Amino acid sequence: MTDSVMSKAATMEIPINSNGDTGALAEDDSLEQAAKLQWSLDEKDLQQVMVSGPNLNETSIVSGGYGGAAEGIIPTGSIKGPNMQHSTSSSSMTAEEATRGVAVEKYEAVKKWGLNTYKCTKQMISERFGRGSRTVDLELEAQIEVLRDTKRKYENVLRLAKALTNHFYNMVQTQHALGDTFADLSQKSPELRDEFGYNAETQKLLCKNGETLLGAINFFVSSINTLVNKTMEDTLWTIRMYENARLEFDAYRSDLEELSLGPRDAVTMARIDAAQEQYQVHKEKYERLRSDVIIKLKFLEENKVKVMHKQLLLFHNAISAYFAGNQQQLEQTLKQFNIKLRPPGADKPSWLEEQ
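Just so we're clear, the structure is a prediction, and the values are computed from it rather than from any experiment. (Residues numbered from 1 in each chain as written. Predicted model: local features only at pLDDT ≥ 70, side-chain atom pairs only at ≥ 80, totals over all residues. Heavy atoms only, no water.)

## Topic: the overall build of the protein chain
Counting secondary structure elements, the protein chain contains 8 helices and 2 strands. The N-to-C order of helical and strand elements in the protein chain reads α-α-β-β-α-α-α-α-α-α. Here the protein chain holds 355 residues, and the buried ones make up 24% of them. Taking all contacts inside the protein chain whose residues are at least 6 apart in sequence as the whole, residues at least 24 apart take part in 72%. For the protein chain, the accessible area works out to roughly 26,100 Å², and carbon and sulfur atoms hold 57% of it. (Helix = DSSP H or I, 4+ residues; strand = E, 2+ residues; numbered from the N terminus. Buried < 20%, exposed > 50% of the residue type's maximum accessible area, 1.4 Å probe, protein only. Contact = heavy atoms within 4.5 Å. Areas by Shrake-Rupley, 256 points an atom, 1.4 Å probe, with all protein chains shown as cover.)

This is the structure we're talking about:
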């Protein structure tokens, strides 16, 4: 319609009056009014867009040219992007499943531990009251008992050797103080200078030999302490592991025997198969630890004989040389066993280390 009006206006004659003004025509008025109306509508639409912004859900895509059929308009509200809500729910479900999996694993571990503790406690009580059977290795049990008795006796030797060291250390310190006192009196008592001097030299010599003997005794105590509290203790720890494995093995063995005496339905057969599997696992563990205990007992015995032969020889030679007053033999004994004495004041840091 606008095109027809514009074409008609272009071909129309425009009369000019004597003053040079155009005449007022009806067609010109209608054309001017239509243009003003269209401008006002466009201005309102522009203001609405500037204030509220375009609504993308109501924006349309025109498939044809301007003024095409209504069937070519596709509402953009029907075109949707990825579902973010679905992605968020999936991630939350994954986190919940992971948490649930950890909780199930902890529950199964606690359940397994509780069942094993119950079976072992039941087996231990049955053995205590004589109603249950236990696996016994008479030869190995005898060796273990001998080791425990030996450890108790060696602990007594260690306790007495430490007591001897403390007492002898106090005696050496007393001899040292007595020698210093005699030396001081020899300087202040001219009439008894020789007598005090002889005694001072004797006490100093005894103090020196006593410090040498203390070095030998300390080496003896250190070696016995290592043998008792490390080597023997390590073997006894393996023995405790073996005894626990023996208790578990007997507990699952008794459980399998009880199930085997019951009815043989489908449920019981499934329980028997599970009990058989657990029995086999604990049997292998028991046999492996039993083998470890036998090997450690053998090596411990060899090591004990070797260590004690050396330490007893050292103790005897050092004590004999000291009380015989043989300073040369006492020093030779320490060299024979590669014992180095700390010089006096070696425990204290030097002035350079204190800086």
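## Quick notes on helix 6 (residues 266–323)
Compared with an ideal rise of 1.5 Å per residue, which puts 58 residues at 86 Å, helix 6 spans 83 Å between its outermost C-alpha atoms and is within 8% of the ideal. Where helix 6 terminates, the next one or two residues include Gly-325, which has phi positive at roughly 75°. (Expected span 1.5 Å × (residues − 1).)

## A look at unusual backbone geometry
Apart from glycine, the bulk of residues carry a negative phi angle, and the bulk of peptide bonds sit in the trans form. The backbone phi angle of Asn-338 is positive, close to 55°, even though this residue is not glycine. With respect to the helices and strands, Asn-338 occurs in the loop between helix 7 (327–336) and helix 8 (351–354).

## Details of the packing of aromatic side chains
By the definition in use, this model includes 7 aromatic pairs. With a centroid separation of 6.0 Å and an interplanar angle of 35°, the aromatic rings of Phe-182 and Phe-196 are classed as tilted. Note that Phe-182 is positioned in helix 4 (residues 138–188) and Phe-196 in helix 5 (residues 193–260), a separation of 14 residues in sequence. The burial state of Phe-182 is the same as that of Phe-196; both residues are buried. Both rings, one in Phe-220 and one in Phe-315, keep their centres 4.8 Å apart while their planes meet at 35°; by these two values the pair is tilted. (Phe/Tyr/Trp six-rings, centres within 6.5 Å; stacked < 30°, edge-to-face > 60°.)

## Thoughts on helix 5
Taking 1.5 Å per residue as the helical rise, helix 5 with its 68 residues ought to reach 100 Å, and the 97 Å between its terminal C-alpha atoms agrees with that figure. Of all the bends in helix 5, the largest measures some 35° and sits at Glu-233. (Bend = angle between axes of the 7 residues up to and from the residue.)

## Structural notes on the confidence of the model for the protein chain
For residues with low pLDDT, the predicted coordinates do not support detailed interpretation. Counting all residues, the mean pLDDT for the protein chain is 77, and 70% of those residues have values of 70 or more. Ranking the helices and strands of the protein chain by mean pLDDT puts helix 4 first, with 94, and strand 1 (residues 60–62) last, with 41. Note on residues 49–81: pLDDT under 50 across the span, and 16 contacts to partners over four residues away in sequence or across chains. Segment residues 348–355: pLDDT under 50, and 1 contact once partners within four positions in sequence are set aside and those in other chains are kept. (pLDDT = per-residue confidence, 0-100.)

## With respect to the nonpolar core
With 43 residues, the main nonpolar core has Ile-144, Leu-147, Ile-239, Tyr-242, Val-293 and Leu-297 as its most contacted residues. Mapped onto this core, the elements with two or more residues apiece are helix 4, helix 5, helix 6 and helix 7. If you tally residues by element for this core, the top one is helix 5, at 18 residues. (Core = buried A, V, L, I, M, F, W, Y, C linked by side-chain atoms within 4.5 Å.)

## So, the layout of surface pockets
Counted as a void, the second largest pocket has a volume near 290 Å³. Around the second largest pocket sit 13 residues that line it, and Leu-115, Lys-119, Tyr-252, Ala-274 and Gln-278 are the ones nearest its centre. Secondary structure elements with two or more residues in the lining of the second largest pocket: helix 3 (84–128), helix 5 and helix 6. Among the residues making up the lining of the second largest pocket, the classes are represented as 5 nonpolar, 2 polar and 6 charged. (1 Å grid on protein atoms, 1.4 Å probe; cavity = no way out; pocket = protein on both sides within 12 Å on 5 of 7 lines; lining within 4 Å. Points joined across faces, edges and corners; volume = space filled by probe spheres on them. Nonpolar A, V, L, I, M, F, W, Y, C, P; charged D, E, K, R; others polar.)

## Focus on the packing of helix 4 against helix 5
For the pair helix 4 and helix 5, interaxial distance at closest approach is 7 Å and the crossing angle is 160°. By the angle between their axes, helix 4 is roughly antiparallel relative to helix 5. Along this stretch, helix 4 crosses helix 5, giving a crossing that reads as left-handed. A class-by-class count of the residues in the contact of helix 4 with helix 5 yields 31 nonpolar, 14 polar and 11 charged. (Axes fitted to C-alpha atoms, helices over the stretch in contact; angles between N-to-C directions. Parallel < 35°, antiparallel > 145°, perpendicular 65-115°, else oblique. Left-handed = near helix turned anticlockwise from the far one by under 90°.)

## With respect to the packing of helix 5 against helix 6
Between helix 5 and helix 6, the shortest axis-to-axis distance is 7 Å and the interhelical angle comes to 165°. Judged by the angle between their axes, helix 5 and helix 6 are roughly antiparallel. Along this stretch, helix 5 crosses helix 6, giving a crossing that reads as left-handed.

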